[in-house]
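A look at the structure
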Amino acid sequence: MPKGPIAEAQLDLFMLTVYVTGFIFIAVGGVYVYVIIKFRERPNDTRPLPTHGHGNPLIEIGLIGASILLLVIIAVPTLQAIWFTHDTPDDPESRMGAWYSGEELAEEEADNPLIIKVIGYQWWWAFEYPQLGITTANEMVIPAGKVVHLELRSVDVIHSFWLPKIAGKVDLIPGRMNSMWIQAGDNFIKWKEKQGLEGAATAGPAIDSPKLREQYATYLEEEIHDYYYGQCAEFCGESHARMLFRATVVDDDEFAEWVADERTGHATPDGKTWDDWYAAYAENPDLLVGDVNEGLKLFMGRAKCATCHVVKGNPRALGVAGPNLTNIGSRMSLAAGWLNHRNEDGSIDVELQYDNFFKWIKETEVVKPGNLMWKANGGGIGELVDEQGELALLTDDEVHLISLYLQSLK
Ligand code: CUA
């Protein structure tokens, strides 16, 4: 089932094409079968060959006319759908000011819908929320029933954003920005229309009541709130098939909570201030004890993770070459959706999550061939060395500690 107006428009268009081409298939195939049976050669057949119909103006013009008609039947709704899916509508109830209850929204943004900048990398996705000052990777969170405007860019090769149940596909092309809009579920007006409420389309929000609003909220919660699967839909290199993403659709309050959480980021493992932690790290790192601290020390030090990854809150984890790791312990998958640790009920399978972190850090080249993290570890940029300065990959014990640290980021 399509979830939302874009996927619905696309499904309608697809079905229309199926009907038209199905009709052509049956008509042409029917004539073909009829002719084969009727004019087949029989034993001792002495009938003359049938006369050729070449040059019959009625048939020729009729066939040309029928072809044009069929193409027009497909073309008009196709063009309409192209415009519809391209132009982000101005839906009053989708304006940020109308639903976003979190803090620090710039005043001029109150009239805009939520904007997400989608950036494609080989082979993962960055999702930036410029109005809210947050960035996440591979798992986007969006509010149910609201128009969301997407700006699509790529830093390397062509990728394609495809979230099948909600919308798709639009390419991410290096050197230019494409845009599209998505909406998980119907807005209030459209929902009322589908409920068969007379005049809902023209009366708009005029037909309103707390009870209707409640029913609408129930519809969103039961049919739309979910965890959706997305996939890169344009071949982009050896790990193209492993470039997945997710979209979690939530209600307005959950969205505001998520934003606040992303904004705050993470404290140190033992409740010190980050200044104190770094002072201890520089002077006497043995004072920072416990597995999570050990993992963080490796993250900042020998493993060089912070060179490429941001962890919000940590003032020195500022690298932007790799995915933002803020709250990575709360995400349901790793390695751009390739390793899952989500239970059916939406909770996280903690043991599987640990295994996934371990596998990913230890053997990233096996999990995702060609990825840059492996190249960093394997002799390209930023080789890993041990205390003696010798080249040395992470030991299993070190991978274990980093995994525990990353699991704690939630
Ligand atoms: Cu990115 Cu295929």
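Each value, and the rule that gives it
- Residues numbered from 1 in each chain as written.
- Predicted model: local features only at pLDDT ≥ 70, side-chain atom pairs only at ≥ 80, totals over all residues.
- Heavy atoms only, no water.
- Salt bridge = Lys/Arg side-chain N within 4 Å of Asp/Glu carboxyl O.
- Helix = DSSP H or I, 4+ residues; strand = E, 2+ residues; numbered from the N terminus.
- Buried < 20%, exposed > 50% of the residue type's maximum accessible area, 1.4 Å probe, protein only.
- Pairing = 2+ DSSP bridges.
- Axes fitted to C-alpha atoms, helices over the stretch in contact; angles between N-to-C directions.
- Contact = heavy atoms within 4.5 Å.

**Some details on the pattern of salt bridges**
Considering all chains together, one arrives at 13 salt bridges under this definition. Between Lys190 and Glu8 there is a salt bridge, and its shortest N-O distance comes to 4.0 Å. Taken as a pair, Lys190 in helix H4 (residues 188-194) and Glu8 in helix H1 (residues 5-38) lie far apart in primary sequence, 182 residues in all. Look at Lys190 and you get partly exposed, because its relative accessible area is 30%. Between Glu294 and Lys297 there is a salt bridge, with the nearest N and O atoms lying 3.4 Å from each other. Of this pair, Glu294 and Lys297 both sit in helix H9 (residues 291-300), separated by three residues, roughly a single helical turn. A single network of salt bridges, built from pairs that share partners, joins Glu8, Asp186, Lys190 and Lys194.

**Structural notes on the sheet that holds strand S9 (residues 226-232)**
Within the open sheet, the five strands sit side by side as S4-S10-S9-S6-S7. Their pairing is mixed. Each end of this open sheet is capped by a strand with a single partner; those strands are strand S4 (139-143) and strand S7 (167-172). For this sheet, the mean inter-axis angle between neighbouring strands, taken without regard to orientation, is 25 degrees. Sheet contacts for helix H7 (residues 252-264): S4 and strand S10 (244-250); angle to S4, the most-contacted strand, approximately 135 degrees.

**Observations regarding the sheet that holds strand S5 (residues 148-154)**
Within a sheet, neighbouring strands are paired by backbone hydrogen bonds and run either parallel or antiparallel to one another. Here we have five strands laid out as an open sheet, ordered S3-S2-S1-S5-S8, and mixed in their pairing. Two strands close off the open sheet at either side, each with one partner strand: strand S3 (134-137) and strand S8 (178-182). When strand polarity is set aside, the average angle formed by the axes of neighbouring strands in this sheet is 25 degrees. Relative to strand S2 (residues 124-129), strand S1 (residues 114-121) runs antiparallel, the two being bridged by five bridges. Its bridge partner lying in S2, Ile119 is registered against Ala126. Packed onto the sheet, H7 meets S1, S2 and S3 and runs at close to 95 degrees relative to S3.

**What about unusual backbone geometry?**
Of note, the bond from Gln122 into Trp123 is cis; its omega dihedral lies within 30 degrees of zero at -5 degrees. With respect to the secondary-structure elements, Trp123 resides in the loop between S1 and S2. Backbone torsion omega between Gly168 and Lys169 reads -10 degrees, so that peptide bond is classified as cis. The topology assignment puts Lys169 in strand S7. Notably, Asn327 is not glycine yet its phi reads approximately 60 degrees, a positive angle. Note on placement: Asn327 falls in the loop between H9 and strand S11 (333-334).

These figures capture arrangement, not role.
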